[in-house]
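As a plain string of letters, each chain reads:
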Amino acid sequence: MKKLNKNLLVAIISILVFILFIMGFSVTSSMVQSGVIENIDFPQSVQGILAFITFFPLLLSLFFFGKFFEAKGLYPVAKVLKFVSIALFAFSIFQALLSLLGFYN
């Protein structure tokens, strides 16, 4: 049996965590809309942090897919994936900080 690449394993696990987050959000959202659970209004700063935490596994998976493709020799794909993941990570940190500081209230 061939051993799975470490970068590919991290990318797959992080994309599965992201899918679990999205499924949990969808189930919770449908339960709130149907009235099973009560709607809780979070402050904008908490919503910004929750959004960052939710999308962090997706950014992580993009980065490690880039490292995996770099090891396979697909440098253009690897460069794009790594650049996009790092740029989106920096942008999301900036947005989370603006949300924490209250710029969106």
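First, a word on scope: everything that follows refers to the structure included in this document. Quick caveat: nothing in here was measured; it's all calculated off a predicted structure.

1. Considering the layout of surface pockets
Gaps left between atoms show up when a probe the size of a water molecule is rolled over them. The volume enclosed by the largest pocket comes to roughly 650 Å³. What lines the largest pocket is a set of 18 residues, and nearest its centre among them are Phe 25, Thr 28, Phe 42, Leu 50 and Thr 54. Elements with a contribution of two residues or more to the lining of the largest pocket: helix 1 (6-34) and helix 2 (44-72). Looking at the lining of the largest pocket element by element, the count peaks at 7 residues for helix 1. A breakdown of the residues in the lining of the largest pocket according to their chemical character gives 11 nonpolar, 6 polar and 1 charged. Roughly 150 Å³ of internal volume is contained in the second largest pocket. Lining the second largest pocket are Gly 48, Ala 51, Phe 52, Phe 55, Phe 56, Leu 58, Leu 59, Leu 88, Ser 92, Gln 95 and Ala 96.

2. Points about the packing of helix 1 against helix 2
Remark: helix 1 packs on helix 2, axes separated minimally by 8 Å, with the N-to-C direction vectors making an angle of 155°. Comparing their axes, helix 2 and helix 1 come out roughly antiparallel. Viewed along their axes, helix 1 and helix 2 form a crossing whose handedness is left-handed. Contact residues: Asn 7, Leu 8, Val 10, Ala 11, Ser 14, Ile 15, Val 17, Phe 18, Phe 21 and Ile 22 in helix 1; Ile 53, Thr 54, Phe 55, Pro 57, Leu 58, Leu 60, Ser 61, Phe 64, Phe 65, Lys 67 and Phe 68 in helix 2. Here the residues of the contact of helix 1 with helix 2 sort into 16 nonpolar, 4 polar and 1 charged.

Conventions used here
Just so you know, the residues in each chain are numbered from 1, in the order the chain's sequence is written. Per-residue local features are limited, in this predicted model, to residues with pLDDT of at least 70; the limit for side-chain atom pairs, both in listing and counting, is 80 or more; totals at the level of whole chains, interfaces and linings are taken over all residues. Working from all heavy atoms in the structure, the side-chain values ignore hydrogens and water. Every definition here rests on a 1 Å grid over the protein atoms only: cavities are sets of points where a 1.4 Å probe fits but cannot get out, pockets are open sets enclosed by protein on both sides within 12 Å along at least five of seven lines, and lining residues have some atom within 4 Å of a point. Grid points are joined across faces, edges and corners, and a volume is the space filled by probe spheres set on the points. Counting from the N terminus, the helices are DSSP H or I runs at least four residues long and the strands are E runs at least two residues long. In this count, Pro and Cys sit with the nonpolar residues alongside Ala, Val, Leu, Ile, Met, Phe, Trp and Tyr, while Asp, Glu, Lys and Arg are called charged and the others, Gly among them, polar. Helix axes are fitted to C-alpha atoms over the stretch in contact, other axes to C-alpha atoms as well, and angles between N-to-C directions run from 0 to 180 degrees. Relative orientations are named as follows: roughly parallel for angles under 35 degrees, roughly antiparallel for angles over 145 degrees, roughly perpendicular for angles from 65 to 115 degrees, and oblique for any other angle. Helix crossings are classified by the rotation of the near helix relative to the far one: an anticlockwise turn of less than a right angle makes the crossing left-handed, while a clockwise turn makes it right-handed. Residue contacts are counted whenever heavy atoms from the two residues lie within 4.5 Å of one another.

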